[in-house]
Amino acid sequence: MLNVFHFFLFCTVLITGMFWFYYKISNRKKRFKKKNYINKISKVLSDFSSLFPILVIILIVRSFFFEPFYIPSNSMMPTLLSGDFILANKYVYGLKNPITNNTILKIGKPKRGDIAIFKYPMNPELNFIKRIIGLPGDKIIYDFKKKEIIIFQNYLKNYHSKKVQDIYSESDNINSNKVQIQEKDSNGDIYFLEEKTERLNHLKYKVLVSPDVKSKLDYFNSELVKDYWIVPEDNYFVMGDNRDYSFDSRLWGFVPEKNFIGKAVIIWFSIDKKEDKWPTGINFNRIGSIYQ
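In this text the structure is predicted, and so the values were computed from the model without any measurement. (Residues numbered from 1 in each chain as written. Predicted model: local features only at pLDDT ≥ 70, side-chain atom pairs only at ≥ 80, totals over all residues. Heavy atoms only, no water.)

**Here we look at a nonpolar patch on the surface**
Here is the rule we go by: Exposure above 30% relative accessible area and no salt bridge define the residues that can form patches, which grow by joining like charges within 9 Å and nonpolar side chains of Val, Leu, Ile, Met, Phe, Trp and Tyr within 5 Å. In short, Shrake-Rupley with a 1.4 Å probe defines the accessible areas, and a residue's cover is counted only from the protein chains shown. Salt bridge criterion: a side-chain nitrogen from Lys or Arg within 4 Å of a carboxyl oxygen from Asp or Glu. Numbered from the N terminus, helices here are DSSP runs of H or I no shorter than four residues, and strands are runs of E no shorter than two.
A cluster of nonpolar side chains, Ile 60, Phe 65, Phe 66, Tyr 91, Ile 104, Leu 105 and Ile 107, forms an exposed patch at the surface whose accessible area comes to about 630 Å². Counting through the fold element by element, Tyr 91 comes out in the loop between strand 2 (84–89) and strand 3 (95–96).

**A look at the pairing of strand 2**
We count it as follows: Strands qualify as paired when DSSP identifies two bridges or more between them.
In the sheet, strand 1 (residues 66–70) pairs with strand 2 via five bridges, with the strands oriented antiparallel. Pairing of Glu 67 across the sheet is with Ala 88, part of strand 2. Strand direction decides the pairing type here: strand 2 and strand 16 (residues 260–272), joined by six bridges, are antiparallel. Each bridged residue has a counterpart across the sheet, and for Phe 85 the counterpart in strand 16 is Phe 269.

**Some points on the pairing of strand 5 (residues 115–119)**
The condition that has to hold: Note on classification: 1.4 Å probe, protein chains only; a residue is buried when its accessible area is under 20% of the maximum for its type, exposed when over 50%, partly exposed between these limits.
Counted residue by residue, strand 5 has five buried out of five residues, so it is predominantly covered. When strand 5 meets strand 6 (residues 127–134), the two strands line up antiparallel, connected through five bridges. Bridged to Ala 116 within strand 6 is Lys 130. When strand 5 meets strand 16, the two strands line up antiparallel, connected through three bridges. Each residue of the ladder has a partner; that of Ala 116, found in strand 16, is Lys 263.

In short, the description is geometric, and any link to function would need to be established separately.
Below, the structure written as structure tokens:
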């Protein structure tokens, strides 16, 4: 799938580079001294070519190291909010062709608990961000009543063995809080969401659940929604931290490894903004590393 922005950036670098070499190396701008209008055009093109070194640096950093993304929805609350601007570490999963997203060099694999950006499998033109819950070969069980996850690691390889390793996500009800948000599909009605602590391997983070609804997945009335999933090889199971209001693997399935773009590592800017509303300020207190 063609990345239009990177293609445009690459073309801009190519064009400015041609003028940069023309003026800086060939030094031919001295020829245009007789006609004023030619001098003006030459000066404009010379100034345009001066952007070449800056654009090269931007292209390299954005293509292979870090890329900025904007969070437009509340599916990753409370970890990420609508209005957050994040940086994604792109080389953590490998070096990729910035235009086609094809892997050039594998460096690492997506890990359980990573907050990952990826191409939405149903429409690769869209970028999604979710938390990685299941790895290839895992069996994922989600209890829609308790809002808890049970993971059988390497289930495809060990389901005949007694050595299946269980990894549980635990809800810390003692330290749970009540959080108010406005749900856009309910004509302005306010719902109370419960904040819980989830533990996944060495990670400890907050998730939101709604005691009043089974799941947002109910709204789709889809037979695809199950209580358990077995993750195929080279695929991953992802979920949003706002569990009852996240459009994720529970509905549309798994994420192929080739679709991953990078891992969210830092919030570099944040505006005070409700989903589908105009911003009202800047959240300076949210700027910094993402707590995962």
